[in-house]
Amino acid sequence: MKTSYENLGGTYHEENGHLIPNVTLSEQTDYQIGKYGRMHLDYIKQHRRGRYTTLLTESKLNVRLHEIDLEANELLETIIPRLATERGIDENLKVHDMLRWIAEMNNIKANAEEIVLREVVLV
């Protein structure tokens, strides 16, 4: 009589008189995870436990966090210049009023990060 595990295609090996399931983990990736990937990890651990567990058990967590990080950084790279252009923040302002340019660019970066968090990281 087959066990449920054997019916699903699983096999066993004998070790010290006990049958041990032949289970192996799939190949793991080891991407470096940046700021936005880590933020997404914290978010899914706290608010999307099922998604976190599924990604972890299917060995897809590291890949997904890497994808989130890349997507967030790409979006930032497109949003920041667009917002700066819309607000008239350019090299001319940088030359004539450096402190205002810095303040405006910091404001733009903060706004862009809010967009990235809302659209990519906290989903």
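Everything below is about the structure shown above.
Anyway, here's the lowdown on the structure attached to this text.

Calculation notes
Residues numbered from 1 in each chain as written. Predicted model: local features only at pLDDT ≥ 70, side-chain atom pairs only at ≥ 80, totals over all residues. Heavy atoms only, no water. Helix = DSSP H or I, 4+ residues; strand = E, 2+ residues; numbered from the N terminus. Buried < 20%, exposed > 50% of the residue type's maximum accessible area, 1.4 Å probe, protein only. Contact = heavy atoms within 4.5 Å. Axes fitted to C-alpha atoms, helices over the stretch in contact; angles between N-to-C directions. Parallel < 35°, antiparallel > 145°, perpendicular 65-115°, else oblique. Left-handed = near helix turned anticlockwise from the far one by under 90°. Pairing = 2+ DSSP bridges.

1. Structural notes on unusual backbone geometry
At step 1: The backbone of N16 shows a phi angle near 55°, a positive value even though the residue is not glycine.
At step 2: You can see N16 is positioned in the loop between β1 (12-15) and β2 (18-21).
At step 3: When its relative accessible area of 74% is taken as the criterion, N16 is described as exposed.

2. Here we look at the environment of Y12
At step 1: Among the secondary structure elements, Y12 is positioned in strand β1.
At step 2: Separated by eleven residues in the primary sequence, Y12 and V23 place their C-alpha atoms 8.7 Å from one another.
At step 3: Setting aside chain neighbours within four positions, we find Y12 in contact with T3, Y5, E6, L19, I20, P21 and N22.

3. Side note on the packing of helix α4 (residues 61-86) against helix α6 (residues 98-121)
At step 1: In the contact formed by α4 and α6, the axes pass within 9 Å of each other and the chain directions differ by 140°. One way to sum up the angle between α4 and α6 is to call them oblique. Seen from above, α4 lies across α6 with right-handed handedness. Contacts from I68, E71, A72, L75, L76, I79, I80, L83 and A84 of α4 reach α6 at M105, I108, K109, N111, A112, E113, I115, V116, E119, V120 and V121.

4. What to know about the pairing of β2
It is a general feature of regular strands that their side chains alternate between the two faces of the sheet.
At step 1: Examined bridge by bridge, β1 and β2 share four bridges and lie antiparallel to one another. In the strand pairing of β2, H13 is matched with I20.
At step 2: Counting the residues that bridge the hairpin from β1 to β2 gives two residues, and of these N16 lies at a positive phi of roughly 55°.

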